[in-house]
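An overview of the molecular structure
Read off the chains here:
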Amino acid sequence: IFSTKLVKPLLKTLRKMSHERTNIYLCVQIRCADSHSLLLKKASKYDFECVDCSDEFRIYPTCGFGIDLECKLLHMTVKKNKNSSKRKKEKSDSKMNRKKSKTF
């Protein structure tokens, strides 16, 4: 990520394509320290938990390029939301109500 302007669109897109069981592995080179810092800082705003698992490069011999290129491997997951099951039920109820109103 080489521009701070690209952090928000990236996080927004990743979040839109994610659900509570999504696992994202993002391999990045720090080309702009401000952008990388902003990504880590803003990830939680988009409901992501972000863990640096760059040490995984050392475990797998075929991933030596990650070390050579000074890459960071980030594991991103969607935070479990206490209200998510409640929202799902409300959404489901809303769909059912729309279907009922169309049938009459």
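Residues numbered from 1 in each chain as written. Predicted model: local features only at pLDDT ≥ 70, side-chain atom pairs only at ≥ 80, totals over all residues. Heavy atoms only, no water.

**A few points about the sheet that holds strand 3 (residues 71-78)**
Strand order in this open sheet of three strands is 1-3-2, and the pairing throughout is antiparallel. Each edge of the sheet is formed by a strand with only one pairing partner; in this case those strands are strand 1 (23-29) and strand 2 (48-52). Direction aside, the axes of adjacent strands within the sheet are offset by 25 degrees on average. Strand direction decides the pairing type here: strand 2 and strand 3, joined by five bridges, are antiparallel. Along strand 3, the bridge assignment pairs F48 with V78. In the packing of helix 2 (residues 33-42) onto the sheet, the strands contacted are strand 1, strand 2 and strand 3, and the crossing angle to strand 3 comes to about 20 degrees. (Pairing = 2+ DSSP bridges. Helix = DSSP H or I, 4+ residues; strand = E, 2+ residues; numbered from the N terminus. Axes fitted to C-alpha atoms, helices over the stretch in contact; angles between N-to-C directions. Contact = heavy atoms within 4.5 Å.)

**Brief notes about a positive patch on the surface**
Together, K8, K12, K16, K41, K42 and K45 give the surface a local cluster of positive charge. Sorting elements by how many residues they give to the positive patch places helix 1 (residues 7-16) first, with three residues. Following the sequence through the fold, K8 ends up in helix 1. (Patch = residues over 30% accessible without salt bridge, like charges linked within 9 Å, V, L, I, M, F, W, Y side chains within 5 Å. Areas by Shrake-Rupley, 256 points an atom, 1.4 Å probe, with all protein chains shown as cover. Salt bridge = Lys/Arg side-chain N within 4 Å of Asp/Glu carboxyl O. Lys, Arg positive; Asp, Glu negative; His and termini not counted. Charge placed at Lys NZ, Arg CZ, Asp CG, Glu CD.)

**Looking at helix 1**
For an α-helix, the turn length of 3.6 residues means that residues three or four places apart are oriented alike. Listed as buried for helix 1 are V7, L11 and L14. One face of helix 1 carries all of its buried residues, which in axial projection span an arc of 65 degrees. The exposed set on the far side of helix 1, more than 90 degrees from its buried face, consists of K8, K12 and K16. Where helix 1 is buried, its residues touch strand 1, helix 2, strand 2 and strand 3. (Buried < 20%, exposed > 50% of the residue type's maximum accessible area, 1.4 Å probe, protein only. Arc of directions from axis to C-beta.)

**Section: the environment of S54**
Along the chain, S54 turns up in the loop between strand 2 and helix 3 (56-59). In sequence terms S54 and G66 are 12 residues apart; their C-alpha atoms lie 8.1 Å from each other. At a separation of 2.5 Å, a polar atom in the side chain of S54 contacts the side chain of D52. Within the structure, S54 has its side chain in polar contact with the backbone nitrogen of L73 (distance 3.0 Å). (Polar contact = N/O pair within 3.5 Å; in protein donor to acceptor, adjacent residues only side chain to side chain.)

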